[in-house]
Amino acid sequence: MEQVDRQEGRDATAMAVDDPWYEATASGWSGETATGASGDGRLDAVPRQRVHSAAEIYLEVQRSPAFQEVRRRYRRFVFPATLAFLLWYLAYVVAATAAPGLMARPVAGAVNVAMIAGLGQFLTTFLLTWAYARHARLRRDRAALELRWDTQEMTRGMVQP
């Protein structure tokens, strides 16, 4: 490795501070009393500034009003839609077991009420999926993308522990 560094014109003892594979114990930086090349008790590299960890950054974003607004918009759509769909499904199952005569009533030829309601379940699923995607696109995606960019900007300069 040292020979490769010399061929590339780099000093083998110089290590990039932001190298994630760099081991402090291998370089002698394991304690407060480490000495640099100058021997005066201070490290030769520029000391890193303390930057928030990723967990702290994400907790800060989670507490932000913008994030809370995105979650509020999400919950305002998802909870009622889920409840409505589950009630509709439960009504279908209860009607199929409690009122078999009603469900067997013919509507057109061999098509009965149960078949129409069963196909209605599929139609409801597709409509709900479309409504969710539309709601997300119109009410949440832009704000969520801005939060994502802000979070990436905050983590970009983060010091790895």
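As the structure is a computational prediction, the values presented were derived from the model and not from experiment.

(A) Here's a closer look at the confidence of the model for the protein. Chain-level statistics for the protein give a pLDDT mean of 76 and a share of 65% at 70 or above. Mean pLDDT across the secondary structure elements of the protein bottoms out at helix 2 (residues 24–27), with 44, and peaks at helix 4 (residues 65–98), with 95.

(B) Molecular detail of the pattern of salt bridges. For the structure shown, the criterion picks out three salt bridges. Ionic pairing is found between R73 and E69, a salt bridge with its closest N-O pair at 3.0 Å. Of this pair, R73 and E69 both sit in helix 4, separated by four residues, roughly a single helical turn. Residue classification places E69 among the partly exposed residues on the basis of a relative accessible area of 26%.

(C) Helix 6 (residues 113–156), seen in detail. Where helix 6 bends most, the angle comes to about 55°, and this point is R140. Packing partners of the buried residues in helix 6 comprise helix 3 (54–63), helix 4 and helix 5 (100–104). For helix 6, the N-terminal cap is N112; the gap from its side-chain oxygen to the backbone nitrogen of A114 is 3.3 Å.

(D) Quick look at the UniProt feature "transmembrane region" (unreviewed entry) in the protein. Per the UniProt record, "transmembrane region" (unreviewed entry) is annotated on residues 77–99 and 111–133. Secondary structure across residues 111–133 comprises 91% helix and 9% strand; the distance between its end C-alpha atoms is 32 Å.

(E) Region of interest: a nonpolar patch on the surface. The grouping of L83, L87, L90 and V94 at the surface amounts to a nonpolar patch, some 380 Å² of accessible area in total. Position of L90 among the secondary structure elements: in helix 4. With a relative accessible area of 48%, L90 lands in the partly exposed category.

The rules we used
- Residues numbered from 1 in each chain as written.
- Predicted model: local features only at pLDDT ≥ 70, side-chain atom pairs only at ≥ 80, totals over all residues.
- Heavy atoms only, no water.
- pLDDT = per-residue confidence, 0-100.
- Helix = DSSP H or I, 4+ residues; strand = E, 2+ residues; numbered from the N terminus.
- Salt bridge = Lys/Arg side-chain N within 4 Å of Asp/Glu carboxyl O.
- Buried < 20%, exposed > 50% of the residue type's maximum accessible area, 1.4 Å probe, protein only.
- Bend = angle between axes of the 7 residues up to and from the residue.
- Contact = heavy atoms within 4.5 Å.
- Polar contact = N/O pair within 3.5 Å; in protein donor to acceptor, adjacent residues only side chain to side chain.
- UniProt positions renumbered as here; feature names shortened; annotations may be inferred.
- Patch = residues over 30% accessible without salt bridge, like charges linked within 9 Å, V, L, I, M, F, W, Y side chains within 5 Å.
- Areas by Shrake-Rupley, 256 points an atom, 1.4 Å probe, with all protein chains shown as cover.

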